[in-house]
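Given next are the chains, with one letter for each unit.
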Amino acid sequence: MDLNLVLVVAVIVIALAFDYTNGFHDAANAIATSVSTRALTPRVALIMAAIMNVIGALLGTDVAKTIGKGIIDIQHYSASPDIGMQREGLIIVLAALIGAVVWNLITWWFGLPSSSSHALIGGLVGAGLASATQVEWWGIFTHVIIPMFGSPLIGFFLGYFLMKLVLRMLANLPYHRTMRHFRVLQTISAAAMALGHGLQDAQKTMGVIVMALLAGGYGEHHNILDPVTGEMTIPLWVKLAAAIAISAGTYAGGWRIMRTLGRKIIDLDPARGFVAEGVAATVLYVSAFALHAPISTTHTITSAILGVGATRRFSAVRWGIAGNIVVAWFLTLPAAAIVAAVCFWTTHAILGV
């Protein structure tokens with residue numbers, strides 16, 4: 001049996017498994033606030049989020065192209081007629097995925113809303129360094145590091161100031177009737193958040209699958225690279241597979257992380273939940289369509305929740321739990337990179353490449 005084909009299939013299967021873990025790991029991003037404020041029941045919220053994930057995944061490919069070409073350069077593996085070189089490229093992608101999946105499962109087990117996006121990027125960097133593959137450091141700085149710090153800051157301050165504005169506008173309105181209206185509005189904001197999650201996170205899996213097809217020498221067969229411009233295109237079956245996998249994972253739920261985001265950081269009311277989701281969704285759309293940056297839905301919604309929560313009083317936010325989350329954020333890139341590097345060396349030795 002062709003070992004390259006086996007590796008390509010293995011990468012696709014593990015990529016979809018990562019997409020699935022991304023779904024249940026990050027399901028809380030879209031629905032935790034709506035569930036905690038009782039705007040939606042958990043099951044209805046999960047079904048809605050799963051459907052919107054599919055729609056979002058099919059809306060664009062710019063983030064997928066950034067992941068496929070902007071983190072590490074495997075072009076010399078895919079362009080080589082040497083089967084051994086192609087095999088090495090596949091092992092790099094495989095190791096990156098394993099690093100991301102392992103870190104996703106660890107943080108899910110402890111209920112920490114870390115970033116699946118950064119776990120995948122960390123895995124790619126770790127496998128790239130272990131294999132002496134060219135790492136696109138400038139692309140990582142502009143498309144990963146700057147958004148990594150920028151999106152939480154924007155989410156926090158936008159959430160804080162918009163919530164202050166909303167509180168001032170609603171100061172003289174009856175509280176309970178107003179909150180009932182915001183519960184209805186939260187259905188819309190949660191759907192917008194789930195759409196943004198699919199738009200951002202499913203595309204990252206598409207980019208990895210395309211990398212595997214290119215590394216394995218199947219790029220021409222699937223018309224992935226334009227022969228004239230060199231532009232990358234994402235086959236329809238890759239889009240559908242990634243969309244369905246993340247949707248299935250979302251429907252499976254992420255109850256541990258949902259409790260952390262929805263209840264442990266701050267006690268949210270419907271107005272604060274609506275503002276937090278609206279801010280986070282806006283940041284996701286701008287990043288995907290205007291910046292083509294693979295930002296973290298987790299970082300964005302968590303920081304927005306912290307921002308709206310701080311309008312009540314700073315002591316109302318459980319900063320100790322927020323601190324644990326931030327630690328997980330900083331650990332994600334290096335931890336996933338280390339696991340991916342170890343996986344690369346191990347697989348490399350076992351297969352004797």
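Residues numbered from 1 in each chain as written. Predicted model: local features only at pLDDT ≥ 70, side-chain atom pairs only at ≥ 80, totals over all residues. Heavy atoms only, no water.

If you look the chain up in an unreviewed UniProt entry, it shows as Inorganic phosphate transporter from Schaalia canis. Entered under Subcellular location (unreviewed entry) in the UniProt record, the comment concerning the chain runs "Membrane". (UniProt positions renumbered as here; feature names shortened; annotations may be inferred.)

Chemist: Looking at this model, I keep getting lost on the overall build of the chain. Mind explaining?
Modeler: Within the chain, the regular secondary structure consists of 13 helices and zero strands. Tracing the chain from N to C terminus, the helices and strands come up as α-α-α-α-α-α-α-α-α-α-α-α-α. Expressed as a percentage of the 353 residues in the chain, the buried residues total 58%. Across the chain, the fraction of contacts at a sequence separation of at least 24, relative to all contacts at a separation of at least 6, is 88%. For the chain, the accessible area works out to roughly 14,300 Å², and carbon and sulfur atoms hold 70% of it. (Helix = DSSP H or I, 4+ residues; strand = E, 2+ residues; numbered from the N terminus. Buried < 20%, exposed > 50% of the residue type's maximum accessible area, 1.4 Å probe, protein only. Contact = heavy atoms within 4.5 Å. Areas by Shrake-Rupley, 256 points an atom, 1.4 Å probe, with all protein chains shown as cover.)

Chemist: What am I meant to see in the UniProt feature "transmembrane region" (unreviewed entry) in the chain here?
Modeler: The sites that UniProt annotates as "transmembrane region" (unreviewed entry) are residues 44–68, 89–110, 137–162, 182–199, 236–255 and 321–347. Along residues 44–68 one finds 84% helix and 0% strand; the C-alpha atoms at either end are 34 Å apart. For residues 137–162, helix accounts for 100% and strand for 0%, while the C-alpha atoms at its two ends are 35 Å apart.

Chemist: Teacher, can you tell me more about the side chain of Ser-247 here?
Modeler: Of note, Ser-247 is situated in helix α9 (residues 236–252). Once residues within four sequence positions are removed from consideration, Ser-247 is found in contact with Ala-50, Asn-53 and Val-54.

Chemist: Would you mind showing me how to read the environment of Ala-191 here?
Modeler: If you trace the backbone, Ala-191 turns up in helix α8 (residues 175–215). The spatial distance from the C-alpha of Ala-191 to the C-alpha of Ala-45 is 8.7 Å, given a sequence separation of 146 residues. Those residues within four positions of Ala-191 in sequence are excluded, and the remaining contacts are Met-48 and Met-52.

Chemist: Please clarify how helix α3 (residues 62–70) should be interpreted in this entry.
Modeler: An α-helical turn contains 3.6 residues, so any two residues separated by three or four positions project in the same direction. Within the sequence span of α3, burial applies to Val-63, Ala-64, Thr-66, Ile-67, Gly-68 and Gly-70. Against the buried residues of α3 lie α6 (116–130), α7 (137–169), α8 and α11 (270–291).

Chemist: Just to check I follow, could you spell out the confidence of the model for the chain for this structure?
Modeler: The predicted structure's coordinates, where accompanied by low pLDDT, should not be read in detail. Looking at the chain as a whole, its pLDDT mean stands at 78, while 82% of the residues score no less than 70. The least confident element of the chain is helix α10 (residues 255–264), whose mean pLDDT is 53; the most confident is α11, at 86. (pLDDT = per-residue confidence, 0-100.)

Chemist: Looking at this model, I keep getting lost on the packing of aromatic side chains. Mind explaining?
Modeler: One pair of aromatic rings is described through two measures. These are the centre distance and the angle between the planes. With the rule as written, the count across this model stands at five aromatic pairs. Between Phe-156 and Phe-157 the ring centres are 5.3 Å apart and the planes differ by 85°, which places this aromatic pair in the edge-to-face class. Ring centres of Phe-157 and Phe-161 lie 6.5 Å apart, and the angle between their planes is 20°; this geometry places the pair in the stacked category. One end of the pair is Phe-157 and the other is Phe-161, both in helix α7 and four residues apart, which spans about a single turn. Taking relative accessible area as the criterion, Phe-161 reaches 52% and is therefore assigned exposed. Taken together, the ring pairs in this structure connect Phe-156, Phe-157, Tyr-160 and Phe-161 into an aromatic cluster. (Phe/Tyr/Trp six-rings, centres within 6.5 Å; stacked < 30°, edge-to-face > 60°.)

Chemist: So what exactly am I meant to see when it comes to the pattern of salt bridges here?
Modeler: A side chain with one charge may pair with a side chain of the opposite charge, provided their charged atoms come close. The tally for this structure, following the rule as stated, stands at one salt bridge. A salt bridge links Asp-269 to Arg-272; the shortest N-O distance between them is 2.6 Å. Side by side, Asp-269 and Arg-272 carry an identical accessibility label, which is buried. (Salt bridge = Lys/Arg side-chain N within 4 Å of Asp/Glu carboxyl O.)

Chemist: Sorry if this is basic, but what is going on with the packing of helix α5 (residues 83–109) against α8 here?
Modeler: Helix packing geometry: the angle between the two helix axes and the distance between the axes. With their axes 8 Å apart at the nearest point, α5 and α8 run at an angle of 160° to one another. With respect to α8, the axis of α5 lies roughly antiparallel. Like other packed secondary-structure pairs, α5 and α8 cross with a definite hand, here left-handed. Packed against α5, whose contacting residues are Gln-86, Gly-89, Leu-90, Val-93 and Leu-97, the element α8 presents Val-208, Met-211, Ala-212 and Ala-215 at the interface. Per-class residue counts for the contact of α5 with α8 are seven nonpolar, two polar and no charged. (Axes fitted to C-alpha atoms, helices over the stretch in contact; angles between N-to-C directions. Parallel < 35°, antiparallel > 145°, perpendicular 65-115°, else oblique. Left-handed = near helix turned anticlockwise from the far one by under 90°. Nonpolar A, V, L, I, M, F, W, Y, C, P; charged D, E, K, R; others polar.)

Chemist: Please explain the nonpolar core as it appears in this structure.
Modeler: Soluble globular proteins: nonpolar side chains tend toward being buried together. Counting 57 residues, the largest nonpolar core has Ile-71, Ile-72, Val-93, Leu-97 and Met-206 as the members making the most contacts within it. Residue assignment for this core shows that the elements contributing at least two residues are α1 (3–36), α3, α5, α6, α7, α8, α9 and α13 (319–351). Core analysis: the next-biggest nonpolar cluster, separate from the first, contains 19 residues, Ala-271, Val-275, Ala-293 and Ile-295 among them. (Core = buried A, V, L, I, M, F, W, Y, C linked by side-chain atoms within 4.5 Å.)

Chemist: Can you help me understand the packing of helix α2 (residues 42–57) against α8 in this one?
Modeler: Where α2 meets α8, the axes come as close as 7 Å, and the angle between the chain directions of the two elements is 50°. In terms of axis orientation, α2 runs oblique to α8. Relative to α8, α2 is oriented so that their crossing is right-handed. The segment α2 lies against α8, with Met-48, Ala-49, Met-52, Asn-53, Ile-55, Gly-56 and Ala-57 engaging Thr-187, Ala-190, Ala-191, Ala-194, Leu-195, His-197, Gly-198, Leu-199, Ala-202 and Met-206. When its residues are assigned to classes, the contact of α2 with α8 shows twelve nonpolar, five polar and no charged.

Chemist: Please explain the environment of Leu-268 as it appears in this structure.
Modeler: Note on placement: Leu-268 falls in the loop between α10 and α11. The buried category is assigned to Leu-268, whose relative accessible area is 12%. Each C-alpha atom of the pair Leu-268 and Gly-309 lies 7.2 Å from the other, and the pair is 41 residues apart in sequence. Those residues in contact with Leu-268 that sit more than four places away from it in its chain are Thr-33, Ser-36, Thr-37, Ile-305 and Val-308.

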